[in-house]
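A look at the structure
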Amino acid sequence: HRGLEIGDIITKINDCEVRSATSWTNCLHYVKRKNGICFDPDIVRDLDETSTLKHLTNGYVECCDESKRGNVCFEFIDNDNGILELPSHVCLPARKMLNKSDYYCSKKELKCPNNLQCFVPLLNRTRLFKLEVMNKPVVIYMGLADDFLITLRVSSYIPKYFLRTPLVAETAKKCWNILLLFR
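Residues numbered from 1 in each chain as written. Predicted model: local features only at pLDDT ≥ 70, side-chain atom pairs only at ≥ 80, totals over all residues. Heavy atoms only, no water.

With that settled, consider the sheet that holds strand 2 (residues 16-17). Spatial strand order, 2-1-10-11: 4 strands in an open sheet with antiparallel pairing. Every interior strand has two partners, whereas the edge strands, strand 2 and strand 11 (139-143), have only one. With 5 bridges connecting them, strand 10 (residues 127-133) and strand 11 associate as antiparallel partners. Looking at strand 11, one finds that L131 is bridged to V139. (Pairing = 2+ DSSP bridges. Helix = DSSP H or I, 4+ residues; strand = E, 2+ residues; numbered from the N terminus.)

Written out as structure tokens, the structure reads:
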């Protein structure tokens, strides 16, 4: 009930507006570059469920207990390289935190407004982002951003009436292009 279905109209990926198939691709590339999330430090302190910090052999850090499914280890990115006001790593409930934030950052671009702080999920090459879908709750995705490019079929056509899928418009467009080739 929280996933994507055929005919869903995606309006945003994080804070990037989706208006066409081209902007969809651009937004996915944007999410790959800007993978940090701006959080309120007070909310982080309240929801932090960090267990023992483990340094893994591949260079990554794990700070969440395996039994806490849905939690993600985040790295606090300090923007002034001073004394850390928060722990360097925190274990937070991903869905709850993403629903509480509308601002995004990266290790290179630490621009968080209104006293918010930048936290980057430690997920190896996978990403954590939210999709806003018209007339549905927010969809949270954790995985490879490139999987969306490969597995989802996106159309710029939005059916208005009896057509439940943009497939007819896409098929007509392809047929028209083929006819133009044979002229």
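Right, let's get into the packing of aromatic side chains. Under the criterion given, the structure shown has 4 aromatic pairs. Centroid distance F39 to F119: 5.6 Å. Interplanar angle 35°. Geometry classified as tilted. Of the two residues, F39 is situated in strand 3 (residues 36-39) and F119 in strand 9 (residues 117-121); the sequence distance between them amounts to 80 residues. Using a relative accessible area of 2% as the deciding quantity, one classes F39 as buried. A relative accessible area of 0% places F119 in the buried class. Relative to F119, the ring of F76 lies with its centre 5.3 Å away and its plane at 35°, an arrangement referred to as tilted. One end of the pair, F76, is in strand 6 (residues 71-77); the other, F119, is in strand 9, with 43 residues separating them in the sequence. F76 gets classed as buried once you look at its relative accessible area, which sits at 6%. Taken together, the ring pairs in this structure connect F39, F74, F76 and F119 into an aromatic cluster. (Phe/Tyr/Trp six-rings, centres within 6.5 Å; stacked < 30°, edge-to-face > 60°. Buried < 20%, exposed > 50% of the residue type's maximum accessible area, 1.4 Å probe, protein only.)

Moving on: the side chain of N71. Note that N71 resides in strand 6. Residue N71 is classed as buried on the basis of its relative accessible area, which comes to 16%. One polar contact links N71 to E49, side chain to side chain, over a distance of 3.0 Å. Other than its neighbours up to four places away in sequence, N71 contacts E49, C64, C91, L92, P93 and A94. (Polar contact = N/O pair within 3.5 Å; in protein donor to acceptor, adjacent residues only side chain to side chain. Contact = heavy atoms within 4.5 Å.)

So, about the state of the cysteines. Applying the stated criterion across every chain yields a total of 5 disulfides. Bridging C38 to C112, the disulfide has an S-S length of 2.1 Å. Handedness of the C38-C112 disulfide follows from its S-S torsion of about -75°: it is left-handed. Of this pair, C38 sits in strand 3 while C112 sits in the loop between strand 8 (104-105) and strand 9, and the two are 74 residues apart along the sequence. Classification of C38 by relative accessible area gives buried; the value is 1%. Here C64 is linked by a disulfide to C91, with a sulfur-sulfur distance of 2.1 Å. Every disulfide takes its handedness from the sign of the S-S torsion; for C64 and C91 that torsion is 120°, giving right-handed. Taken together, the residues C64 in the loop between strand 5 (61-62) and strand 6 and C91 in strand 7 (residues 89-93) connect sequence positions 27 residues apart. (Disulfide = S-S within 2.5 Å.)

Taken in spatial order, the 5 strands make up an open sheet running 7-6-9-3-8, and their pairing is antiparallel. The outermost strands of the open sheet, each flanked by one partner alone, are strand 7 and strand 8. Pairing analysis gives 4 bridges linking strand 6 to strand 9, with the strands arranged antiparallel. Following the sheet pairing, F74 is matched in strand 9 by P121.

The biggest cluster of nonpolar side chains holds 18 residues, and the ones touching the most others in it are I37, F39, V44, F74, L92, F119 and L128. Only strand 3, helix 2 (41-47), strand 6, strand 7 and helix 3 (94-99) provide two or more residues apiece to this core. Among the nonpolar cores identified, the runner-up in size contains 16 residues, and V18, Y30, L131 and A145 belong to it. (Core = buried A, V, L, I, M, F, W, Y, C linked by side-chain atoms within 4.5 Å.)

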